[in-house]
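Coordinates in review
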Amino acid sequence: MGMSAASAGGIGRGGRGHRRRGRHHSLMSEINVTPMVDVMLVLLIIFMVAAPLLTVGVPIDLPDTQAKPMNADTQPITVSINATGQIYLQETEIPIDELVAKLQAISKTGYDERIFIRGDKSTDYGTAMKVMARVSAAGYKNIGLVSLQEQDQ
C-alpha cells in the first residue's frame, strides 16, 4: 500500500489541476447557428432585390388587348421594336438587314421556332410590318405579337 492519495484517485492537488486543464482544452461539440442564419437572411434579401433587375429587357410600352395569356413550355425568340424604331433580337440591337441571318443562327428548331414580336405602342406601324414581313419571308410561320392584358376599370 505504497500508493499516495494524489496518484491513486486524483484527489490531491495535482489531480485537480490535471482535471481542470482537461476541461479547459476539451473540444466544443455544438454548432453556433446564429451567424449562419444571419448570413442566409442577408443573402435572401440580396436575391429578392436583385431578381427583378435580372428580368428587365428592352424597355417597351406594350399596347393593351383583351387576349388571354398563352401557355408556353419553351422560351420563344423575341424581336423588339422600341419607340424610335430600333430593332432588338432578344436584348441585342441589330439592323433590319441582319435580322433573318441572326434568327437562322439562333433558332434551335429551325423554321418551327416561335418568334414573338414586341412593338412599342408609339412605334411606326410600317416598321413593325417590315419586321414581320422579313421574318415571315424567311420561312418562319409561328409568329406572335406581344401585348399587355387590358385592365378593367
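Structure shown above.
A brief structural summary. Computed from a predicted model, the values in this text were never measured in an experiment.

For the rest of this paragraph, the subject is unusual backbone geometry. Positive phi is not limited to glycine here, since Gln90 has a value of about 60°. By the secondary structure assignment, Gln90 is in the loop between strand E3 (87–89) and strand E4 (92–94). Residue Gln90 is classed as partly exposed on the basis of its relative accessible area of 37%.

A separate point is helix H5 (residues 125–137). Compared with an ideal rise of 1.5 Å per residue, which puts 13 residues at 18 Å, H5 spans 18 Å between its outermost C-alpha atoms and is within 8% of the ideal. Within the span of H5, buried status applies to Thr127, Ala128, Val131 and Val135. All buried residues of H5 lie within an arc of 100° about the axis, which places them on one face of the element. Opposite the packed face of H5, turned more than 90 degrees from it, sit the exposed residues Tyr125, Lys130 and Ala137.

This paragraph deals with the pattern of salt bridges. One pass over the structure, following the stated rule, counts 1 salt bridge. Residue Asp97 pairs with Arg134 through a salt bridge whose shortest N-O separation is 3.2 Å. Residue Asp97 is found in the loop between E4 and helix H4 (99–106), and its partner Arg134 is found in helix H5; the two are separated by 37 residues along the sequence. On the basis of relative accessible area, Asp97 is assigned to the exposed category, the value being 61%.

The next point concerns the pairing of strand E6 (residues 143–146). Pairing of strand E5 (residues 115–119) with E6, which is carried by 4 bridges, proceeds in the parallel orientation. Bridged to Ile117 within E6 is Leu145. With respect to chirality, the unit in which E5 leads through H5 into the neighbouring parallel E6 is right-handed.

Our focus in this paragraph is the pairing of strand E2 (residues 77–81). The buried count for E2 comes to 5 of 5 residues, which makes it a mostly enclosed element. Where E2 meets E5, 5 bridges bridge the pair, whose relative direction is parallel. Note that in E5 the partner of Ile81 across the bridge is Gly119. With 3 bridges joining them, E2 and E3 adopt antiparallel strand pairing. When the bridges of E3 are listed, Ser80 appears paired with Tyr88. Taking the residues between adjacent antiparallel strands as the criterion, E2 and E3 are bridged by 5 residues, where Gly85 takes a positive phi near 95°.

Glancing now at the environment of Val79. Its place among the elements puts Val79 in strand E2. Each C-alpha atom of the pair Val79 and Met132 lies 9.5 Å from the other, and the pair is 53 residues apart in sequence. Other than its neighbours up to four places away in sequence, Val79 contacts Ile87, Tyr88, Leu89, Leu99, Leu103, Ile115, Phe116, Ile117, Arg118 and Val131.

As a further point, take the sheet that holds E3. With mixed pairing, 5 strands are arranged side by side in an open sheet as E4-E3-E2-E5-E6. Where the open sheet ends on each side, the last strands, each with one partner, are E4 and E6. The sheet shows a mean angle of 30° between the axes of neighbouring strands, direction not considered.

Scoring rules and cut-offs
- Per chain, residue numbering runs from 1 following the sequence as it is written.
- Local features in this predicted model are restricted to residues of pLDDT 70 or higher, and side-chain atom pairs are both shown and tallied only at a pLDDT of 80 or more, whereas totals for entire chains, interfaces and linings draw on every residue.
- The side-chain quantities take in all heavy atoms of the structure and omit both hydrogens and water.
- Strands are runs of DSSP state E lasting at least two residues, helices are runs of H or I lasting at least four, and both sets are numbered from the N terminus onward.
- The rule is simple: take the accessible area with a 1.4 Å probe, protein chains only, and divide by the maximum for that residue type; under 20% is buried, over 50% is exposed, in between is partly exposed.
- Multiply 1.5 Å by the residue count of a helix minus one, and that product is the helix's expected span.
- Of all possible arcs, the one meant is that of the directions from the helix axis to the C-beta atoms.
- Any Lys or Arg side-chain nitrogen found within 4 Å of a carboxyl oxygen on Asp or Glu counts as a salt bridge.
- Pairing between two strands requires that DSSP report at least two bridges joining them.
- We call a crossover right-handed when, viewed with both strands directed away from the observer, the connection leading from the first strand over the helix to the second proceeds clockwise.
- By definition in these notes, contact holds between two residues if any of their heavy atoms fall within 4.5 Å.
- Simply put, an axis is a line fit to the C-alpha atoms, just over the touching stretch for a helix, and the angle between two N-to-C directions goes from 0 to 180 degrees.

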